[in-house]
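Listed below, chain by chain, are the residues.
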Amino acid sequence: MNDDCLTALSDILEGGELLLDEADRSRYASDGSGLIGDLPLAVLRPATTERLAGAMALCARARIAMIPQGGRTGLSGGACVTGRAVVISTERMQGVIETDADAMAMTVWAGTPLERVQEAARDKGLDFPVDIGARGSATVGGIIATNAGGIRVLRYGMTRQNVLGLEVVLADGRIISRLGKLVKDNSGLDLKQLFIGAEGALGIITKAVLQLKPHPGEARVVLLAIPDFPAAIACLARARKLFGDRLTAFEGMWPDYWEFVCGKAGLVRRPISGTHGFYVLAEIVGGASTAAEIETWFAALSEEGLVEDGILAQSLAEGRSLWAVREAVGEVDDALGSHINFDLGVASSHLGDFCKACDDRLAGLEGAGQVLKVGHVGDGNVHLLVAHDGRAAVVHAIEGAIYGLVAEWGGAITAEHGIGRLKRDWLHCSRSAEEIALMSILKQALDPAGLLNPGIYPGVAADSAG
Ligand SMILES: Cc1cc2nc3c(=O)[nH]c(=O)nc-3n(C[C@H](O)[C@H](O)[C@H](O)COP(=O)(O)OP(=O)(O)OC[C@H]3O[C@@H](n4cnc5c(N)ncnc54)[C@H](O)[C@@H]3O)c2cc1C
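Source: prediction; values computed, not measured.

Peer 1: Before we go on, may I ask you to explain the environment of N147 in this structure?
Peer 2: Topologically, N147 is positioned in the loop between helix 5 (140-145) and helix 6 (153-156). Considering only alpha carbons, one finds N147 and L20, 127 residues apart in sequence, at a separation of 31 Å. Those residues in contact with N147 that lie beyond four places of it in its chain are M158, T159, R160, I196, G197 and E416. A polar contact of 3.4 Å, which involves the side chain of N147, links it to the backbone nitrogen of T159.

Put into structure tokens, the structure is as follows:
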């Protein structure tokens, strides 16, 4: 990075917005993926859209690659620095700008943590329904850029379904702002959709208008121990019929995962004794009669032989302790050792057979170790954690085996975490050559020099001077 560019950046940015000290910069090299990133040339943390746009225009003119970062909780390496690049962080762009309770819309800065948005909505008697385990650190910009899913997709959809408007800065510094609260808008292409799920490769999101929902009421949490995966699908079908869209979560834990977090690794207390073929954590919202309705559902399931045991949480604290079993997936790293964290999508009706096929294929693979499976059953999304002996060839063989199966089953190599830098080479297992070529055309149109988050889209080389 030349001195002229540095001088121009320090002229545009205010105190504390430009970090050049090596110790400061090293904190921004990596994200939650475990990938080891390179040291960024500089970290830019503008607090306004105009200063961010000015800084990006300068970087573009100097042909310097730019890596957008939010809370750095991403699990695919999308915010990880590779090569000679500056980091553009939204951490100083925080806060709620406006809440319009009548339109049920909230305008926020992109660097605002998700949990702060959820709390601000709750203060107005409303709800922002996107929810993920990393809610305390993940930012609005990050969840939009990754089109995050999480635990309530079943009822509310992915992040995409909960965004009304965006302000975005393109690689050359142009500001594209459409921050209306319009629910219906067919005046031309819905351009915001281009940036949702683009993992920061098409533009940097600076503000967003989020669609809020009425507060759904008290949530009741129930844990079911059931004979096998087909029984889980049958329980889900009956729950959908009985509770409709009051069913907000239907999460699944395979026995390998359950025994690991409750037994071998001792991460959480075992809430149900005995061994069972599958475990489901469901959340149902509603009024005072919800508990009685759940009891009725449970009794009917027992009669059909679809459940073997269960617990209905009697308090918020008990509900949280049941959720802790499911969320312990965020804590398995040390106990499991080296592993690959797959985030796979197939039709929910195929999920059980698909997981069996994964187990079978991994069983014959040298160097592959313990497999843990946990996921969002209602969304057909499994997080498959596969331990390995650390050799690069083994990692490649495991990835090849699993992504090969994804291709055979017509699934997604990533259901919610994004392709980032970890999965980009396997995109062809989910997308056709024509689709990948179209992604490259869009990237070229918006960022011809390939400076914004280079390496996310295959076939687009950065024209970076560094
Ligand atoms: C414990 C734990 C649980 C998780 N659970 C889930 C889950 O259930 N569902 C799920 O989907 N994910 C989950 N994640 C993954 C992660 O939290 C999400 O991907 C989250 O959306 C990332 O937000 P972030 O602000 O940390 O983004 P970062 O990690 O900083 O960045 C993620 C990507 O978005 C880009 N980006 C960030 N901010 C912007 C911006 N303002 N404009 C443009 N691009 C930007 C980055 O370049 C990168 O490509 C989990 C992670 C952890 C650690």
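Now that the structure has been shown, we can carry on.
Peer 1: It is not clear to me how the domain arrangement of the chain should be interpreted in this structure. Could you clarify?
Peer 2: Many authors give the size of an interface as the accessible area that is lost as the parts come together. We note that the domain assignment places domain 1 (3-92), domain 2 (96-214), domain 3 (218-330) and domain 4 (337-429) within the chain. The straight-line distance from the C-alpha centre of domain 2 to that of domain 3 is 30 Å. Contact with domain 2, which involves seven residues of that partner, is made by 12 residues of domain 3. Counting the surface lost from both domain 2 and domain 3, the interface buries some 720 Å², and carbon and sulfur atoms represent 55% of this. Taken as a group, I151, L154 and R155 account for 79% of the area that domain 2 buries against domain 3, more than any other trio of residues on that side.

Peer 1: What should I look at first to understand the UniProt feature "domain: FAD-binding PCMH-type" (unreviewed entry) in the chain in this one?
Peer 2: Per the UniProt annotation, the sites labelled "domain: FAD-binding PCMH-type" (unreviewed entry) are residues 36-215. As annotated, residues 36-215 has a helix share of 21% and a strand share of 25%, and its two end C-alpha atoms lie 41 Å apart.

Peer 1: Help me understand unusual backbone geometry in this model?
Peer 2: For residues that are not glycine, phi is negative in most cases, and the peptide bond is trans in most cases. A positive phi angle, close to 55 degrees, is found at R63, a residue other than glycine. Summarising the element assignment, R63 is placed in the loop between helix 3 (49-61) and strand 3 (65-69). For R63, a relative accessible area of 36% corresponds to the partly exposed category. Positive phi values are uncommon outside glycine, yet E199 reaches one of about 55 degrees. Classification of E199 by relative accessible area gives buried; the value is 12%.

Peer 1: How do you make sense of the packing of helix 8 (residues 229-243) against helix 10 (residues 290-303) when you look at a structure like this?
Peer 2: A packed helix pair is summarised by two numbers, namely the angle formed by the two axes and the spacing between the axes. Between helix 8 and helix 10, the least distance of the axes is 11 Å, while the angle of their chain directions is 145 degrees. Our pair here, helix 8 against helix 10, has a crossing hand that is right-handed. Where helix 8 abuts helix 10, its residues C235, R238, A239, L242 and F243 lie against E293, I294, W297 and L301. When grouped by side-chain class, the residues that make up the contact of helix 8 with helix 10 number seven nonpolar, no polar and two charged.

Peer 1: Honestly, the sheet that holds strand 13 (residues 247-253) in this entry has me stumped. Any pointers?
Peer 2: Note on sheets: strands pair through backbone hydrogen bonds, and any given pair is parallel or antiparallel. The strand order across the open sheet built from seven strands is 15-12-14-13-17-18-16, with neighbouring strands paired in antiparallel fashion. Of all strands in the sheet, those bounded by a partner on one side alone are strand 15 (309-312) and strand 16 (339-345). Strand-to-strand twist in this sheet, taken as the mean axis angle between neighbours without regard to direction, amounts to 15 degrees. Bridge count for strand 12 (residues 218-226) against strand 14 (residues 278-286) is nine bridges, and the pairing is antiparallel. Residue pairing for strand 14: A225 is matched across the bridge by Y279. Lying over the sheet, helix 10 contacts strand 12, strand 14 and strand 15, oriented at roughly 15 degrees with respect to strand 12. Set on the sheet, helix 13 (residues 351-363) makes contact with strand 16, strand 17 (368-376) and strand 18 (381-388); between it and strand 18 the angle comes to about 10 degrees.

Peer 1: In this structure, what is going on with the site of the ligand? I would like to understand it.
Peer 2: Near the ligand lie 32 residues; those nearest to it are P68, G70, T73, G74 and T139. A distance of 3.0 Å separates an oxygen atom of the ligand from a polar backbone atom of G149. Contacts to the ligand include E416, whose side-chain N or O atom sits 3.1 Å from a nitrogen atom. In the complex, 90% of the free accessible area of the ligand, which totals 970 Å², lies under the protein chains.

Peer 1: Would you mind showing me how to read the pairing of strand 14 here?
Peer 2: Successive residues of a regular strand alternate their side chains across the two faces of the sheet. Of all the nine residues making up strand 14, nine are buried; the element is thus mostly covered by neighbouring parts of the structure. Side chains F278, V280, A282, I284 and G286 project from strand 14 onto one buried face, and the interleaved Y279, L281, E283 and V285 project onto a second face that is buried too.

Peer 1: Sorry if this is basic, but what is going on with a nonpolar patch on the surface here?
Peer 2: A cluster of nonpolar side chains, L438, I441 and L442, forms an exposed patch at the surface whose accessible area comes to about 280 Å². With respect to the helices and strands, L438 occurs in helix 15 (residues 433-446).

Peer 1: Whenever I open this one, the packing of aromatic side chains confuses me. Can you help?
Peer 2: For the structure on display, the rule yields eight aromatic pairs. A centroid spacing of 5.6 Å and a plane angle of 80 degrees characterise the contact between F243 and W297, whose relative ring orientation is edge-to-face. Residue F243 is located in helix 8, and its partner W297 is located in helix 10; the two are separated by 54 residues in the primary sequence. Pair check on accessibility: F243 and W297 agree, each one buried. Members of the aromatic cluster, joined through ring pairs, are F229, W254 and F278. Taking the ring centre of Y28 as reference, the NZ or CZ of R72 above it sits at 4.6 Å. A cation over a ring is seen here: K207 above W109, with NZ or CZ 4.7 Å from the ring centre.

Peer 1: Looking at this structure, I do not really get the layout of surface pockets. What am I missing?
Peer 2: Over the atoms, a rolling probe the size of a water molecule traces out where space has been left empty. Counted as a void, the second largest pocket has a volume near 850 Å³. Lining the second largest pocket are 28 residues, and of these R122, D131, A219, E283 and L316 sit closest to its centre. Elements with a contribution of two residues or more to the lining of the second largest pocket: helix 4 (114-123), strand 12, strand 14 and helix 11 (316-327). Element by element, the count of residues in the lining of the second largest pocket is highest for helix 11, at six residues. Residue composition of the lining of the second largest pocket, grouped by class: 10 nonpolar, six polar and 12 charged.

Peer 1: Just checking my understanding: could you explain the sheet that holds strand 3 for this structure?
Peer 2: On the basis of which strands lie adjacent, the open sheet formed by four strands has the order 1-2-4-3 and mixed pairing. The sheet is open, and its two edges are formed by strand 1 (18-19) and strand 3, each paired on a single side. Bridge count between strand 3 and strand 4 (residues 85-89): five bridges; the pairing is parallel. Each bridged residue has a counterpart across the sheet, and for Q69 the counterpart in strand 4 is S89.

The rules behind these values
Residues numbered from 1 in each chain as written. Predicted model: local features only at pLDDT ≥ 70, side-chain atom pairs only at ≥ 80, totals over all residues. Heavy atoms only, no water. Helix = DSSP H or I, 4+ residues; strand = E, 2+ residues; numbered from the N terminus. Contact = heavy atoms within 4.5 Å. Polar contact = N/O pair within 3.5 Å; in protein donor to acceptor, adjacent residues only side chain to side chain. Domains from an automatic or database assignment. Buried area = accessible area lost by both parts, 1.4 Å probe. UniProt positions renumbered as here; feature names shortened; annotations may be inferred. Buried < 20%, exposed > 50% of the residue type's maximum accessible area, 1.4 Å probe, protein only. Axes fitted to C-alpha atoms, helices over the stretch in contact; angles between N-to-C directions. Left-handed = near helix turned anticlockwise from the far one by under 90°. Nonpolar A, V, L, I, M, F, W, Y, C, P; charged D, E, K, R; others polar. Pairing = 2+ DSSP bridges. Near = heavy atom within 4 Å. Areas by Shrake-Rupley, 256 points an atom, 1.4 Å probe, with all protein chains shown as cover. Patch = residues over 30% accessible without salt bridge, like charges linked within 9 Å, V, L, I, M, F, W, Y side chains within 5 Å. Salt bridge = Lys/Arg side-chain N within 4 Å of Asp/Glu carboxyl O. Phe/Tyr/Trp six-rings, centres within 6.5 Å; stacked < 30°, edge-to-face > 60°. Lys NZ or Arg CZ within 6 Å of the ring centre and 35° of its normal. 1 Å grid on protein atoms, 1.4 Å probe; cavity = no way out; pocket = protein on both sides within 12 Å on 5 of 7 lines; lining within 4 Å. Points joined across faces, edges and corners; volume = space filled by probe spheres on them.

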